[in-house]
Amino acid sequence: MSADDGTFRNCLSGFWVVPRWPLAAAVLLSVVSAPLAAQEKSLPQQIADVLVQLGGGIHPGFRFMHAKGLVLTGTFTPAKGAVAISRAAHLRGGAVPVTVRFSDGTGVPNILDTDPNAGPRGMAIRFALPGGAFTDIVAISHNGFVVGTGEEFLAFLKAIAATRPDSPHPSPVEAFLGSHPRALKFVIDNRPLPASFAKLAYFGNNAFVFVNAAGTQHAGRYQIIPVAGLASLDSASAAKAGPNYLFDDVRQRLARGPVRFRLYAQLANPGDPTKDGSVVWPANRKRVPLGTISLTTVAPNNDELQRSLMFNPIFLTDGIQLSDDPIIPLRSAVYALSVAHRR
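As the structure is a computational prediction, the values presented were derived from the model and not from experiment.

Draft legend 1. Highlighting the nonpolar core. Counting residues in each nonpolar core, the largest one holds 41 residues, and the members touching the most others are Phe 102, Ile 224 and Leu 295. Beyond its immediate chain neighbours, meaning those up to four positions away, Phe 102 contacts Lys 68, Gly 69, Leu 70, Leu 72, Gly 122, Met 123, Phe 197, Tyr 202, Phe 247, Val 250, Phe 261 and Leu 295. Core analysis: the second largest hydrophobic core is formed by 27 residues, Val 146, Leu 154, Ala 161 and Leu 184 among them.

Draft legend 2. The pattern of salt bridges, seen in detail. Counting across every chain of the model gives 10 salt bridges. The closest approach of N and O atoms between Lys 185 and Asp 189, which form a salt bridge, is 2.6 Å. Residue Lys 185 and its partner Asp 189 are located together in helix α6 (residues 181-189), separated by four residues, close to a single helical turn. Accessibility expressed as a relative area gives 48% for Lys 185, which makes it partly exposed. On the basis of relative accessible area, Asp 189 is assigned to the partly exposed category, the value being 35%.

Draft legend 3. Main features of the packing of helix α4 (residues 150-162) against helix α5 (residues 172-179). Their axes nearest at 7 Å, the elements α4 and α5 cross at an angle of 145°. Counted together, Glu 152, Ala 155, Phe 156, Ala 159, Ile 160 and Ala 162 of α4 and Pro 172, Val 173, Phe 176 and Leu 177 of α5 form the full contact between these two elements. The residue makeup of the contact of α4 with α5, split by class, is nine nonpolar, no polar and one charged.

Draft legend 4. Representation of the packing of aromatic side chains within the structure. Enumeration over the complete set of coordinates arrives at 12 aromatic pairs. When the centroid spacing of 6.0 Å and the interplanar angle of 35° are considered together, the rings of Phe 102 and Tyr 202 count as tilted. One end of the pair, Phe 102, is in strand β2 (residues 96-103); the other, Tyr 202, is in strand β5 (residues 202-211), with 100 residues separating them in the sequence. Considering the side-chain rings of Phe 102 and Phe 261, the 6.0 Å spacing of their centres and the 50° angle between planes classify their relative orientation as tilted. Remark: Phe 261 occurs in strand β7 (residues 259-267) and Phe 102 occurs in strand β2; sequence separation between them is 159 residues. The exposure classification of Phe 102 matches that of Phe 261, with both residues buried.

Draft legend 5. Representation of the side chain of Ser 278. Note on placement: Ser 278 falls in the loop between β7 and β8 (287-298). A polar side-chain atom of Ser 278 sits 3.1 Å from a polar atom in the side chain of Arg 182. A distance of 2.6 Å separates the side chain of Ser 278 from the side chain of Asp 276, its partner in a polar contact.

Definitions and limits used
- Residues numbered from 1 in each chain as written.
- Predicted model: local features only at pLDDT ≥ 70, side-chain atom pairs only at ≥ 80, totals over all residues.
- Heavy atoms only, no water.
- Core = buried A, V, L, I, M, F, W, Y, C linked by side-chain atoms within 4.5 Å.
- Buried < 20%, exposed > 50% of the residue type's maximum accessible area, 1.4 Å probe, protein only.
- Contact = heavy atoms within 4.5 Å.
- Salt bridge = Lys/Arg side-chain N within 4 Å of Asp/Glu carboxyl O.
- Helix = DSSP H or I, 4+ residues; strand = E, 2+ residues; numbered from the N terminus.
- Axes fitted to C-alpha atoms, helices over the stretch in contact; angles between N-to-C directions.
- Nonpolar A, V, L, I, M, F, W, Y, C, P; charged D, E, K, R; others polar.
- Phe/Tyr/Trp six-rings, centres within 6.5 Å; stacked < 30°, edge-to-face > 60°.
- Polar contact = N/O pair within 3.5 Å; in protein donor to acceptor, adjacent residues only side chain to side chain.

Following this line, the structure appears as structure tokens:
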């Protein structure tokens with residue numbers, strides 16, 4: 001599929017076009033604490049600036065991305081074999097409390113769940129550890145990130161921001177996706193509407209290093225698979241879906257019983273890339289069951305939790321270490337900027 005192919009353009013119709021989320025230049029500049037020339041800004045700051053632009057400005061109390069969400073609580077029960085790959089406290093012993101946030105994509109707080117730009121959906125998990133400590137997983141509903149480096153991610157966002165409804169073909173975003181096939185797949189795969197947050201699989205596309213009690217190391221990526229199975233809406237159901245159907249659905253499901261997911265670590269084979277989250281490892285790689293997440297309750301004081309919680313992929317614990325993936329610290333830095341503007 002080429003960048004000037006009609007099918008390609010149809011797939012991208014309405015994709016993150018900036019005039020839908022207008023932004024005054026003064027609002028964009030307010031992201032930073034001091035006016036700096038673009039070339040003087042750090043990469044995380046440049047990414048944050050464009051995310052704010054695409055989200056229509058700073059929305060006090062909300063994240064730059066995945067602004068619309070809901071916080072749930074429950075428990076995580078480790079699988080018996082999890083200790084074989086990691087000595088992490090939550091993987092050896094009894095059940096531990098978890099806090100989970102489901103979210104739509106984009107930085108628009110009132111985006112419709114039916115908006116094709118609302119994907120990928122997010123699932124962030126915080127595991128409570130002894131002594132008040134915790135560790136996090138931050139995952140999205142697509143196996144493979146859009147690009148592999150921070151510079152490519154900034155270029156992708158800038159291409160979206162530069163695209164207008166009357167942009168000649170290939171538009172900036174079409175040109176970018178035409179030269180980045182994994183990014184094109186990411187965009188197309190996220191267009192169908194999921195049936196439920198509880199019927200989506202989520203992927204931590206960044207690799208981490210799992211260390212067991214003997215000191216043996218395994219590079220792996222998280223996969224979070226719904227017990228209820230995978231499902232998307234057909235065209236008839238999508239046409240009838242309400243603007244908040246995903247959040248309404250998860251509340252209704254919790255009223256009937258727990259929402260459960262199986263947590264796995266997909267382990268790398270020798271030679272599998274660990275520093276490029278856009279490269280999906282083959283499906284035949286070994287998956288180690290880590291445990292079961294059981295969600296039971298919508299957290300009280302949800303609005304306050306939305307403002308105060310900062311899930312972060314570098315919030316690790318003994319037995320889980322950073323890999324050589326450069327996106328992990330970059331994400332952490334962008335999240336920190338988002339938190340600074342949330343209150």
